[in-house]
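Structural description and commentary
Chain residues, written in single-letter form:
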Amino acid sequence: MNAASATWEPKIVAFLCHWCSYAGADLAGISRLQYPPNVRVVRVPCSGAVNPIYILKALQRGADGVLVSGCHPGDCHYLAGNLVARRKFALLKRLLEQVGIEEQRVQFSWVSAAEGQKFADVIRKVVGDVKALGPAGFLSKAGRASCP
């Protein structure tokens with residue numbers, strides 16, 4: 001292992017539901033819970049509003065992993081948005097598998113507004129899983145440079 005790979009940290013894009021997961025992230029922050037700073041958050045109205053193209057674009061533009069997080073089933077502010085997201089996510093996972101992208105690079109979770117500790121745990125897990133995979137090998141260095 002060379003020095004560059006020893007210090008490498010993955011870049012994670014997280015699409016968080018405004019009503020639950022984003023509020024859970026906020027609670028983790030105000031509770032001063034420690035978790036890796038590798039995540040760039042995109043707040044969305046609902047996890048069901050996350051178009052699978054957004055996930056693919058994040059990977060294409062240099063993210064090493066993507067997290068989509070929404071309200072728990074039955075608690076969606078838009079009634080069934082999180083269930084729609086779960087169906088989209090299942091289909092996307094199959095597509096990613098077919099094109100050779102590791103399953104752990106794209107993850108989905110349920111985090112409520114009251115679950116700051118769970119949010120921190122999810123972030124640690126996603127970062128750990130993606131770090132174990134290493135840098136996304138399907139991108140050129142030029143493509144990686146465009147990710148914040």
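Computed from a predicted model, the values in this text were never measured in an experiment. (Residues numbered from 1 in each chain as written. Predicted model: local features only at pLDDT ≥ 70, side-chain atom pairs only at ≥ 80, totals over all residues. Heavy atoms only, no water.)

Applying the stated rule across the entire model yields four salt bridges. For the salt bridge of E102 with R105, the shortest nitrogen-to-oxygen distance reads 2.8 Å. Notably, a salt bridge pairs R124 with D121, separated by 2.4 Å at the nearest N-O pair. Residue R124 and its partner D121 are located together in helix α5 (residues 116–133), separated by three residues, close to a single helical turn. Classification of D121 as partly exposed rests on a relative accessible area of 37%. (Salt bridge = Lys/Arg side-chain N within 4 Å of Asp/Glu carboxyl O. Helix = DSSP H or I, 4+ residues; strand = E, 2+ residues; numbered from the N terminus. Buried < 20%, exposed > 50% of the residue type's maximum accessible area, 1.4 Å probe, protein only.)

Let us now look at the confidence of the model for the chain. Predicted coordinates in areas of low pLDDT are best not read in detail. Taken residue by residue, the chain gives an average pLDDT of 90. The fraction at 70 or more is 89%. Confidence drops under pLDDT 50 across residues 140–148; counting only partners more than four residues distant or on other chains, this segment forms 16 contacts. (pLDDT = per-residue confidence, 0-100. Contact = heavy atoms within 4.5 Å.)

Moving on to helix α3 (residues 52–60). Among the residues making up α3, those that are buried are I55, A58 and L59. One side of α3 carries all its buried residues, which in axial view fall inside an arc of 95°. By the N-cap criterion, in which a side-chain oxygen at the helix start approaches the backbone nitrogen of a residue two or three places on, α3 is capped by N51, the distance to I53 being 2.9 Å. Phi for G62, located one or two positions after α3, is positive at around 120°. (Arc of directions from axis to C-beta. Polar contact = N/O pair within 3.5 Å; in protein donor to acceptor, adjacent residues only side chain to side chain.)

All right, on to helix α4 (residues 81–99) then. Look at α4: 27 Å from first C-alpha to last across 19 residues, which is about the 27 Å you get at 1.5 Å a residue. Residues of α4 that are buried include every one of G81, N82, A85, F89, L92, K93 and L96, and no others. Angular distribution of buried residues about the axis of α4 spans 115°; they occupy a single face of the element. Exposed side of α4, more than 90 degrees from the buried face: R87, L91, R94 and Q98 are the residues found there. Count one or two residues on from α4 and you reach G100, which has phi positive near 90°. (Expected span 1.5 Å × (residues − 1).)

This structure, assessed with the given rule, holds four aromatic pairs. Ring geometry for Y35 and F119: centres 5.6 Å apart, planes at 85°, overall edge-to-face. In this pair, Y35 is assigned in the loop between α2 (21–30) and β2 (39–44) and F119 in helix α5, connecting sequence segments 84 residues apart. Consider the rings of F108 and W110, whose centres lie 4.8 Å apart with planes at 85°: the pair is edge-to-face. You'll find F108 and W110 in the same group, each marked buried. Cluster of aromatic residues (ring-pair linked, three or more members): F89, F108 and W110. Between R43 and the ring centre of Y22, over which it is positioned, the NZ or CZ distance is 4.4 Å. (Phe/Tyr/Trp six-rings, centres within 6.5 Å; stacked < 30°, edge-to-face > 60°. Lys NZ or Arg CZ within 6 Å of the ring centre and 35° of its normal.)

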